[in-house]
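Remarks on the overall topology
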Amino acid sequence: MLDNTGFDLWADGYDQSVGVSDEDHTYPFAGYKEILGSIYKTIMEKPNPAVLDIGFGTGTLTAKLYENGCEIYGQDFSSRMIELASAKMPDAHLYQSDFTQGLAEPLKRQSYDFIVATYSIHHLRDDQKIVFLKELLDHLKDDGKILIGDVAFGTREELNQCKDECGNEWDNDEVYCVADELKAVFPSLVFSKMTFCSGVLMLSR
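Residues numbered from 1 in each chain as written. Predicted model: local features only at pLDDT ≥ 70, side-chain atom pairs only at ≥ 80, totals over all residues. Heavy atoms only, no water.

1. A look at the overall build of the protein
Helix and strand content of the protein: eight helices and eight strands. Buried positions account for 50% of the 205 residues belonging to the protein. For the protein, the computed accessible surface area is about 9,700 Å², with 47% contributed by carbon and sulfur atoms. (Helix = DSSP H or I, 4+ residues; strand = E, 2+ residues; numbered from the N terminus. Buried < 20%, exposed > 50% of the residue type's maximum accessible area, 1.4 Å probe, protein only. Areas by Shrake-Rupley, 256 points an atom, 1.4 Å probe, with all protein chains shown as cover.)

2. Digging into helix 6 (residues 126–137)
A rise of 1.5 Å per residue sets the reference length of helix 6, with its twelve residues, at 16 Å; its end C-alpha atoms lie 17 Å apart and thus fit the reference within 8%. Regarding helix 6, the residues found buried are Lys129, Phe132, Leu133, Glu135, Leu136 and Leu137. On the buried face of helix 6, the contacting elements are strand 1 (50–54), strand 4 (112–118), strand 5 (140–153), strand 6 (177–178), helix 8 (179–183) and strand 8 (198–204). (Expected span 1.5 Å × (residues − 1). Contact = heavy atoms within 4.5 Å.)

3. Some details on the pairing of strand 4
Across the seven residues of strand 4, seven count as buried, placing the element largely inside the fold. Pairing between strand 1 and strand 4: three bridges, direction parallel. Bridge pairing links Val51 to Phe114 in strand 4. Looking at chain direction, strand 4 and strand 5 are connected through six bridges and run parallel. Each residue of the ladder has a partner; that of Val116, found in strand 5, is Leu147. With respect to chirality, the unit in which strand 4 leads through helix 6 into the neighbouring parallel strand 5 is right-handed. (Pairing = 2+ DSSP bridges. Right-handed = clockwise from strand over helix to strand, strands pointing away.)

4. A look at helix 4 (residues 60–67)
Count 3.6 residues to each turn of an α-helix, and residues three or four apart come out pointing the same way. Along helix 4, the residues that are buried comprise Leu61, Thr62, Ala63 and Leu65. In the core, the buried residues of helix 4 are packed alongside helix 3 (32–44), strand 1, strand 2 (71–76), helix 5 (79–88) and strand 4. A positive phi of about 95° marks Gly69, the residue just after helix 4.

5. Focus: unusual backbone geometry
Here the bond from Tyr27 into Pro28 is cis, since omega is 5°, no more than 30 degrees from zero. Inspection of the secondary structure assignment puts Pro28 in the loop between helix 2 (14–23) and helix 3. Non-glycine residue Tyr119 carries a positive phi angle of around 50°. By secondary structure assignment, the location of Tyr119 is in the loop between strand 4 and helix 6.

6. What to know about the confidence of the model for the protein
Summary statistics for the protein give a mean pLDDT of 89 and a share of 89% for residues scoring 70 or more. Contacts for the low-pLDDT stretch residues 1–14, under 50 throughout, to residues beyond four places or in other chains number 29 contacts. (pLDDT = per-residue confidence, 0-100.)

7. Description of the nonpolar core
Within soluble globular proteins, side chains that are nonpolar generally end up buried alongside one another. In terms of nonpolar packing, the biggest core is built from 34 residues, with Ile39, Ile43, Val51, Ile72, Leu94, Phe153 and Trp170 touching the most fellow members. Elements with a minimum of two residues in this core: helix 3, helix 4, helix 5, strand 4, strand 5 and helix 7 (156–166). Counting residues per element, this core draws most heavily on helix 3, which supplies five residues. What Ile43 contacts, discounting residues up to four positions off in sequence, is Pro49, Val51, Leu65, Cys70, Phe114, Val116 and Leu147. Core analysis: the next-biggest nonpolar cluster, separate from the first, contains 29 residues, Leu52, Ala104, Leu136 and Leu137 among them. (Core = buried A, V, L, I, M, F, W, Y, C linked by side-chain atoms within 4.5 Å.)

Laid out in structure tokens, this is it:
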């Protein structure tokens, strides 16, 4: 798993490397643009929402939301990612902090219409995901939603099949969401499968 220095080094080439995987429809970023587009469309159905992005990276999604009237909050642990994202969103509220330790203190003082995590929550173990998602639910407005776009699977069997097919390409350091297992804790969770290795999970308050 990359530490914050690793992400700093990867930051400038991140969007290009993601794009290649998406266009080739290969693990891990197959469906990346489709996933971001789906989340963007859901958020833009609400006028001027407050959006918190967990692990926003270079701001690929949040910059589009920012341009279209959303109030953007974000947490990322890479100073270089924050630098690149801040250039696109000068008035966004962006904080450097490791979300494996929970929300940054300033972000705990707000409530949000949407909380987004795209290709970031796989850095948490399954038990950490549950704790973190419970914390995020507490910071949603009454009709708010958590939207997770990532490498994700409906069942553990689907994950294992993908792992076998990917062989050496599979990243064993990352822990991907399995919708059926999360539903045992969050019954309202809805999973929309996008590709053989990705999808969108939605949690409502």
